[in-house]
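Working through the structure, step by step
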Amino acid sequence: MTDDGGPTPRRGFPIWGSLAIPAGILWGVALGILVGLALGNVLIGAAIGAGLGVGIGLALFAAAVVIASAEL
């Protein structure tokens, strides 16, 4: 009699997909502040950076959803 160990556990949602939006916001704000310092307006740089970070984070989150749904 052999024990196959039961069914293999299903993989969950990718951790990088869960962290994509918050990390995008933080990196976007940080880079936006640096660009804002170089160009003279920190607040506008931070706002634009946060917007770009959210957009990139949403794109990565959507990719994680596609990958997670493909593994069903």
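Quick look at the structure, then. Keep in mind that this is a model prediction, so the values were computed, not measured.

1. Brief notes about the packing of aromatic side chains
Within a pair of aromatic rings, the relevant descriptors are the distance that separates the centres and the angle that separates the planes. Taken as a whole and judged by the stated rule, the model has one aromatic pair. Each ring, one from Phe13 and one from Phe61, has its centre 5.7 Å from the other, and the planes form 50 degrees; the classification is tilted. Note that Phe13 is positioned in the segment before α1 (15-18) and Phe61 in helix α3 (residues 42-70), a separation of 48 residues in sequence.

2. Focus: the environment of Trp27
By the element assignment, Trp27 lies in helix α2 (residues 20-39). Overall, the relative accessible area of 59% leaves Trp27 in the exposed class.

3. What about α2?
Look at α2: 27 Å from first C-alpha to last across 20 residues, which is about the 28 Å you get at 1.5 Å a residue. Every buried residue belonging to α2 is among Ala20, Gly24, Gly28, Gly32 and Gly36, and all of these are buried. Mapping the buried residues of α2 onto a view down its axis gives an arc of 115 degrees, with all of them on the same face. In α2, the exposed positions that point more than 90 degrees away from the buried face belong to Leu26, Trp27, Leu34 and Leu37. Against α1 and α3 lie the buried residues of α2. Gly40 sits one or two positions beyond α2 and adopts a positive phi of about 110 degrees.

4. Overview of α3
Here α3 contains 29 residues, and its C-alpha end-to-end distance of 42 Å stays within 8% of the 42 Å for a straight helix at 1.5 Å per residue. Within the sequence span of α3, burial applies to Gly45, Ala46, Gly49, Ala50, Gly53, Gly57, Ala64 and Ala68. The inward-facing, buried residues of α3 abut α1 and α2. Of the residues flanking the start of α3, the one acting as N-cap is Asn41, its side-chain oxygen 3.4 Å from the backbone nitrogen of Leu43.

5. Brief notes about the packing of α2 against α3
Viewed as axis vectors pointing N to C, α2 and α3 meet at an angle of 150 degrees, and their least axial separation amounts to 6 Å. Considering the angle they form, α2 stands roughly antiparallel to α3. Seen from above, α2 lies across α3 with right-handed handedness. Counted together, Ala20, Ile21, Gly24, Ile25, Gly28, Val29, Gly32, Ile33, Gly36 and Leu37 of α2 and Val42, Gly45, Ala46, Gly49, Ala50, Gly53, Val54, Gly57, Leu58, Leu60 and Phe61 of α3 form the full contact between these two elements. For the contact of α2 with α3, a count of residues per class yields 13 nonpolar, eight polar and no charged.

Conventions and cut-offs
Residues numbered from 1 in each chain as written. Predicted model: local features only at pLDDT ≥ 70, side-chain atom pairs only at ≥ 80, totals over all residues. Heavy atoms only, no water. Phe/Tyr/Trp six-rings, centres within 6.5 Å; stacked < 30°, edge-to-face > 60°. Helix = DSSP H or I, 4+ residues; strand = E, 2+ residues; numbered from the N terminus. Buried < 20%, exposed > 50% of the residue type's maximum accessible area, 1.4 Å probe, protein only. Expected span 1.5 Å × (residues − 1). Arc of directions from axis to C-beta. Contact = heavy atoms within 4.5 Å. Polar contact = N/O pair within 3.5 Å; in protein donor to acceptor, adjacent residues only side chain to side chain. Axes fitted to C-alpha atoms, helices over the stretch in contact; angles between N-to-C directions. Parallel < 35°, antiparallel > 145°, perpendicular 65-115°, else oblique. Left-handed = near helix turned anticlockwise from the far one by under 90°. Nonpolar A, V, L, I, M, F, W, Y, C, P; charged D, E, K, R; others polar.

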